[in-house]
Amino acid sequence: MKIIQNIIIILAIFLFYSCTNKPVLSDLTNSRITLNLKGTYESNDPYLFTNETPVYVDDAYTLVADVPQDVISTEDLKFYIDIAEIRISKRNDISETTDKSEYWQYFARDRQVLCTSYGAMYDKELESCKENNGINKLQEFFSSGFNYPSVDIESGEYKHLAIFIRKFAISPAYYYDTAGNFVREALASFDNRKIYGYDIESLYQWNVSDDTNENEPRLFPLQRKDLKIKISESNKPYVFEIRILLKNILMKHLISDLKTDSSDINYLSFTAFSDWNSNHAHADINNKGKMGGSIIFNARAYVPEETGSVEISDSGISQSEKYYYAAIPVGENFDAATQMPYAAVSGKPAAEIKNLPEGKYNIYKTCDLTYKTEDDIDLPGNDGFPEKGVLCNEAEVPVNVTKQNKALVTFTCDCQ
Amino acid sequence: MIFLSLFSFNLYSQEITEEWKLKQQIGIWFGAVTPFPGSQLSDVLNTYLGGGLFYRVNLPFETLKTEVCSSYSYYDSDKTEGLHAIPMYAALSYMLPLELPVSFQAKSGLGAVYLKNNPENNSNTHPMWFSGLEMSFPAGKYVNIGLRADYYFVYEKYLKPPEENPNMKIINGHFFNLGLMVNFNI
């Protein structure tokens with residue numbers, strides 16, 4: 001019985017010395033993380049939709065004279081987005097043999113259904129979207145971001161983030177025959193209902209050069225394996241921000257040569273992500289509409305109470321098209337032609353990039369000066385993507401800032 | 001015939017009961033552990049596995065023993081959360097005066113529980129209250145086999161929200177275990 005006594009004493013000592021002031025159970029029901037999902041290039045103060053009327057038009061479209069060249073306004077568009085989940089990992093070496101439960105941290109598993117309206121065909125309703133309060137969430141997605149239900153993740157550095165987008169339909173989308181006559185409106189399945197619109201999921205899953213047996217799909221999941229997102233051990237609440245570039249690059253596209261012996265349909269006209277980074281051979285039916293490559297995103301984490309902002313005073317030329325100010329931590333590379341910045345704000349005379357942790361930042365001005373032609377040549381014009389980045393100045397967000405603190409930076413910066 | 005069998009079993013078990021009741025007991029249990037259904041933690045954690053060790057000594061009353069028990073439980077989730085728990089408590093165990101082939105013990109006691117959560121790896125020791133019901137029957141003179149159901153109330157509301165997260169809502173914990181047990185009468 002001496003052994004039992006000793007066990008009891010050792011356990012009692014262990015329990016006594018394990019006393020801290022940390023609420024362990026409450027920690028499980030109170031998440032530190034706020035997962036914020038945005039559909040904008042900007043991390044704060046994005047352009048309004050009214051700034052973006054009408055949407056860009058693919059030059060492939062304008063080359064087909066038969067098809068009506070109707071102008072589509074952003075206010076005419078309806079979005080239907082169904083996100084299955086978001087996963088994260090500290091590793092980036094996933095393969096077919098990887099134990100997925102070891103690899104991933106399943107931190108946002110609640111399906112989110114966003115939509116512009118709850119109405120579906122046959123007088124039905126999009127029930128999941130309605131239960132999700134999907135209209136409000138979509139509006140937030142295109143402005144300040146909506147809070148995706150999530151749970152805490154381990155501290156450390158994360159490299160791999162994957163967003164599993166199940167469905168992505170945009171309305172309106174029209175079919176035309178060879179002579180350019182309207183045949184019918186496109187239909188899609190969404191939230192177990194039929195809706196007017198076209199599900200662009202399959203179009204953006206691959207790009208023309210992808211081998212569907214070898215390459216990973218580009219939309220399910222939409223993923224990056226090169227991130228360096230640090231989560232500290234502190235108990236302070238933090239925001240995990242993910243920005244998918246969508247709102248700023250909406251473009252009207254046309255897919256041709258659809259005619260078969262059994263159908264008069266020859267053209268599909270729809271609106272989706274711009275073609276700033278996709279091979280136009282997608283318009284060839286042989287490539288089955290592979291338009292992938294133009295959906296990019298960025299992610300970062302910050303503790304709101306430990307951030308400041310950079311207020312910008314730019315005496316350079318204001319661009320007629322959309323332009324932005326971007327903040328990149330000093331030491332990090334930024335290629336405006338292929339990447340989304342760490343943080344950005346829409347361009348205006350008194351712009352302020354908010355929610356920046358302490359440190360030095362390179363401030364860029366990014367502008368959209370070119371568009372990609374059907375022959376994959378960049379010509380002067382616009383496709384929504386600000387591919388030109390000019391380093392304007394450096395700004396330092398001071399140590400121990402509060403939200404009232406701002407770093408002021410003045411420069412003359414032009415994209416030309 | 002059935003009546004005679006039951007009657008003889010009853011007599012036999014009564015003799016055995018008399019013997020094992022007077023001995024110290026050391027035992028183990030193993031089974032399912034879960035946050036109490038409906039509690040806040042049940043929204044986060046799933047049912048999983050636990051097991052433990054207990055030791056009972058007699059008091060100068062035939063129907064009352066003291067029990068000292070420690071166990072380990074792990075609660076997982078569908079997402080990233082998890083909870084390790086090592087409770088240790090002392091309890092009074094009252095054997096219900098029922099003339100049945102199986103014996104029933106009602107237990108209640110106090111102790112402390114070491115907790116460590118995932119993914120943040122925060123840990124602490126909290127006071128706890130234990131209450132339980134056990135059903136067992138003697139399998140010979142030296143062994144009892146049975147089933148035990150335990151409830152733990154873990155008190156955390158004595159803590160304040162951490163300074164860095166003043167909006168944290170502090171909760172208490174409620175847990176339930178259901179396990180198979182075997183103990184040795186020594």
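The rules behind each value
Residues numbered from 1 in each chain as written. Chains lettered and ligands numbered in written order. Predicted model: local features only at pLDDT ≥ 70, side-chain atom pairs only at ≥ 80, totals over all residues. Heavy atoms only, no water. Phe/Tyr/Trp six-rings, centres within 6.5 Å; stacked < 30°, edge-to-face > 60°. Helix = DSSP H or I, 4+ residues; strand = E, 2+ residues; numbered from the N terminus. Buried < 20%, exposed > 50% of the residue type's maximum accessible area, 1.4 Å probe, protein only. 1 Å grid on protein atoms, 1.4 Å probe; cavity = no way out; pocket = protein on both sides within 12 Å on 5 of 7 lines; lining within 4 Å. Points joined across faces, edges and corners; volume = space filled by probe spheres on them. Nonpolar A, V, L, I, M, F, W, Y, C, P; charged D, E, K, R; others polar. Domains from an automatic or database assignment. Lys, Arg positive; Asp, Glu negative; His and termini not counted. Salt bridge = Lys/Arg side-chain N within 4 Å of Asp/Glu carboxyl O. Polar contact = N/O pair within 3.5 Å; in protein donor to acceptor, adjacent residues only side chain to side chain. Core = buried A, V, L, I, M, F, W, Y, C linked by side-chain atoms within 4.5 Å. Contact = heavy atoms within 4.5 Å. Buried area = accessible area lost by both parts, 1.4 Å probe. Pairing = 2+ DSSP bridges. Disulfide = S-S within 2.5 Å.

With that out of the way, let us pick up the packing of aromatic side chains. Inspection of every chain in the model, using the stated rule, returns 33 aromatic pairs over all chains. Residues Trp129(B) and Tyr151(B) carry aromatic rings whose centres are separated by 5.9 Å and whose planes lie at 75° to one another, so their mutual orientation is edge-to-face. Of this pair, Trp129(B) sits in strand β6 (residues 123-138) while Tyr151(B) sits in strand β7 (residues 143-154); the two residues are 22 residues apart in sequence, bridging distant segments of the chain. Judged by its relative accessible area of 37%, Trp129(B) is partly exposed. Judged by relative accessible area, Tyr151(B) falls into the buried class, the value being 19%. An aromatic cluster of at least three residues, connected via ring pairs, comprises Phe49(A), Phe79(A), Phe141(A), Phe142(A), Phe146(A) and Tyr148(A).

Residue and element names in this part refer to chain A. Taken as a whole, the largest pocket encloses approximately 940 Å³ of empty space. Along the walls of the largest pocket sit 38 residues, with Lys228, Arg300, Pro329, Glu332 and Tyr342 positioned nearest its centre. At the level of elements, β15 (229-231), β19 (297-302) and β21 (323-329) are the ones that each hand at least two residues to the lining of the largest pocket. Residues that form the lining of the largest pocket fall into these classes: 19 nonpolar, eight polar and 11 charged. Two domains each provide a minimum of three residues to the lining of the largest pocket, namely domain 1 (26-302) and domain 2 (307-416). As a volume, the second largest pocket reaches approximately 420 Å³. Tallying contributions element by element places strand β14 (residues 222-224) first for the lining of the second largest pocket, with three residues.

Residue and element names in this part refer to chain A. Note that Asp368 resides in the loop between β24 (359-367) and β25 (370-372). Buried and without a salt bridge, Asp368 has Lys322 as its closest oppositely charged side chain, separated by 6.7 Å. Reaching out from Asp368, the side chain makes a polar contact with the backbone nitrogen of Asp383 at a distance of 3.0 Å. Among the polar contacts listed, one links the side chain of Asp368 to the backbone nitrogen of Gly384, at a separation of 2.7 Å.

Residue and element names in this part refer to chain A. Counting residues in each nonpolar core, the largest one holds 95 residues, and the members touching the most others are Ile86, Phe107, Leu161, Phe240, Ile242 and Phe270. Top contributing element to this core by residue count: β21, with six residues. When residues are assigned to domains, this core turns out to be shared by domain 1 (26-302) and domain 2 (307-416), each giving three or more.

The subject of this paragraph is the interface of chain A and chain B. When the parts of a complex come together, some accessible area is lost, and that lost area is often taken as the interface size. Between chain A and chain B, the contact holds 34 residues from the first and 46 residues from the second. When the two sides are added together, the surface that chain A and chain B hide from each other amounts to roughly 3,400 Å², 66% of it contributed by carbon and sulfur. Ionic pairing is found between Lys79(B) and Asp110(A), a salt bridge with its closest N-O pair at 3.5 Å. One can count 15 residue pairs in polar contact (both at pLDDT 80 or more) joining chain A with chain B. Of all the elements in the fold, those that place two or more residues in the side of chain A that touches chain B are α1 (2-17), α2 (24-29) and β4 (105-108) of chain A.

Once that is clear, we can look at the sheet that holds strand β10 (residues 182-185) of chain A. Residues and elements named next belong to chain A. Read across the open sheet, the five strands follow the order β2-β17-β18-β9-β10; overall the sheet is mixed. The open sheet has two edge strands with one neighbour each: β2 (56-57) and β10. Sheet topology note: the strand β9 (residues 174-177)/β10 ladder contains three bridges and is antiparallel. Across the sheet, Tyr174 pairs through a bridge with Glu185, a residue of β10.

What follows deals with the state of the cysteines. Residue and element names in this part refer to chain A. A full pass over the atoms with the stated rule returns three disulfides over all chains. For Cys367, the disulfide goes to Cys415, at an S-S distance of 1.8 Å. Because the sign of the S-S torsion sets the handedness, a value of about 70° for the bond joining Cys367 and Cys415 places this disulfide among the right-handed ones. You can see Cys367 sitting in strand β24 and its partner Cys415 sitting in the segment after β28 (406-411), a full 48 residues away along the chain. No difference in accessibility class separates Cys367 from Cys415, as the two residues are buried. Between Cys392 and Cys413 runs a disulfide, and the two sulfur atoms are separated by 1.9 Å. With the S-S bond torsion at -80°, the cross-link from Cys392 to Cys413 turns out left-handed. One end of the pair, Cys392, is in strand β27 (residues 388-397); the other, Cys413, is in the segment after β28, and 21 residues separate them in sequence.

Next up on the list: the pattern of salt bridges. Under the counting rule described, the total for this entry stands at 32 salt bridges over all chains. Note that Glu125(A) is salt-bridged to Lys130(A), the shortest N-O span being 3.1 Å. Linking Glu67(B) and Lys107(B) is a salt bridge whose minimum nitrogen-to-oxygen distance equals 3.6 Å. Separated by 40 residues along the polypeptide, Glu67(B) in strand β3 (residues 64-75) and Lys107(B) in strand β5 (residues 103-118) bring together distant segments of the chain.

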